[in-house]
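# Structure assessment
Listed below are the residues making up each chain.
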Amino acid sequence: MRGRQTVRDMVLSLAVIGALVGAIYVFIPHDDSRTAEKNAVRTVDYRVEAITARRAAPYPVAVPKGLPKTWRATSVSYEASNDGKGGAWHLGMLDPEQEYAAIEQSDAPAKEFIKKVTLGATKAAGKQAVGSAKWDRYRGEKYNALVRSEPGVTTVVTGTAPYGRLAELAASLEAKKG
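All of the points below concern the structure found in this document.

Reading the values: the criteria
Residues numbered from 1 in each chain as written. Predicted model: local features only at pLDDT ≥ 70, side-chain atom pairs only at ≥ 80, totals over all residues. Heavy atoms only, no water. Helix = DSSP H or I, 4+ residues; strand = E, 2+ residues; numbered from the N terminus. Rg over C-alpha atoms; globule rule 2.2 N^0.38 Å. Buried < 20%, exposed > 50% of the residue type's maximum accessible area, 1.4 Å probe, protein only. Contact = heavy atoms within 4.5 Å. Pairing = 2+ DSSP bridges. Patch = residues over 30% accessible without salt bridge, like charges linked within 9 Å, V, L, I, M, F, W, Y side chains within 5 Å. Areas by Shrake-Rupley, 256 points an atom, 1.4 Å probe, with all protein chains shown as cover. Salt bridge = Lys/Arg side-chain N within 4 Å of Asp/Glu carboxyl O. Core = buried A, V, L, I, M, F, W, Y, C linked by side-chain atoms within 4.5 Å.

## Some words on the overall build of the chain
Regarding its fold elements, the chain presents 5 helices and 9 strands. Against the globule reference of 16 Å for 178 residues, the chain gives a C-alpha radius of gyration of 24 Å, more extended than a compact globule. For the chain, the C-alpha atoms occupy an extent of roughly 85 × 35 × 35 Å along the three principal directions. Each of the 178 residues in the chain was classed as buried or not, and the buried ones make up 35%. Considering only contacts in the chain between residues 6 or more positions apart, those separated by 24 or more positions represent 51%.

## Things to note about the pairing of strand 7 (residues 144-150)
Note: strand 6 (residues 133-139) against strand 7, 4 bridges, orientation antiparallel. Among the inter-strand pairings, Arg137 is bridged to a residue of strand 7, identified as Leu146. The hairpin turn running from strand 6 into strand 7, its antiparallel successor, is 4 residues long. Where strand 7 and strand 8 (residues 153-159) come together, 7 bridges link them in antiparallel fashion. Residue pairing in the sheet places Ala145 in a bridge with Thr158 of strand 8. Following strand 7, the chain reverses through 2 residues before pairing antiparallel with strand 8; Gly152 in that reversal takes a positive phi of roughly 90 degrees.

## Details of unusual backbone geometry
Of note in this structure, Gln98 is not a glycine but carries a positive phi near 65 degrees. Residue placement: Gln98 occurs in the loop between strand 3 (88-94) and strand 4 (100-106). One non-glycine residue, Leu119, lies in positive phi territory at about 55 degrees. By the secondary structure assignment, Leu119 is in the loop between helix 4 (110-117) and strand 5 (122-130).

## A short note on a nonpolar patch on the surface
A surface patch of nonpolar side chains, amounting to about 610 Å² of accessible area, comprises Val7, Met10, Val11, Leu14, Ile17 and Val21. Within the fold, Val11 resides in helix 1 (residues 7-27).

## Some words on the nonpolar core
In this structure, Trp89 and Trp135 are the most contacted members of the largest nonpolar core, which totals 30 residues. Those elements giving two or more residues to this core turn out to be helix 3 (47-56), strand 1 (61-64), strand 2 (72-79), strand 3, strand 4, strand 6, strand 8 and helix 5 (163-171). Ranked by residues supplied to this core, first place goes to helix 5 with 5 residues. Dropping the residues within four chain positions of it, Trp135 is found in contact with Lys127, Gln128, Val130, Leu146, Val147, Arg148, Thr155, Val157, Ala170 and Leu173. Core analysis: the second largest hydrophobic core is formed by 8 residues, Phe113, Val117, Ala121 and Ala145 among them.

## A few points about the pattern of salt bridges
This structure, assessed with the given rule, holds 9 salt bridges. With its nearest N and O atoms 2.6 Å apart, the salt bridge here joins Arg47 to Asp45. In this structure, a network of salt bridges that share partners links the residues Asp95, Glu97, Arg165 and Glu168.

Structural data, given as structure tokens:
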């Protein structure tokens with residue numbers, strides 16, 4: 001019967017395939033809700049890395065203290081430099097609205113470090129009050145940032161979160177040496 005296929009046969013074949021795909025969709029679990037989006041990002045425990053970084057870093061490492069549980073840590077690292085200068089602490093988080101915010105610290109030259117961790121943000125007008133301290137504001141295409149430079153360390157709170165959330169994270173920071 002080769003060569004005697006009809007349009008009717010093709011439509012029936014497509015109907016069978018469509019029914020099969022529909023059945024697979026119905027019976028395979030999936031969740032498109034906001035909860036599924038939230039659970040798709042892995043939460044990490046940063047306590048051990050923070051202790052290790054505080055011991056290794058030549059500056060007091062800043063870690064959030066007292067943030068609500070709606071803030072979730074998603075990435076953490078400390079990279080020591082070979083020459084004892086330029087070690088970098090990173091703690092990435094999601095705020096309660098699922099916006100990204102990160103704490104970045106280093107004793108590397110401030111200008112280059114800020115440019116790197118803010119993805120090229122530039123200094124904006126005005127300062128942001130965080131507790132009794134004033135932080136410099138940076139604005140970029142991808143990230144905004146709050147920056148505080150002190151002798152021996154630059155602390156950057158950066159991300160897609162609005163300045164108010166970045167300030168909330170900055171206000172929670174407790175800097176300690178190990």
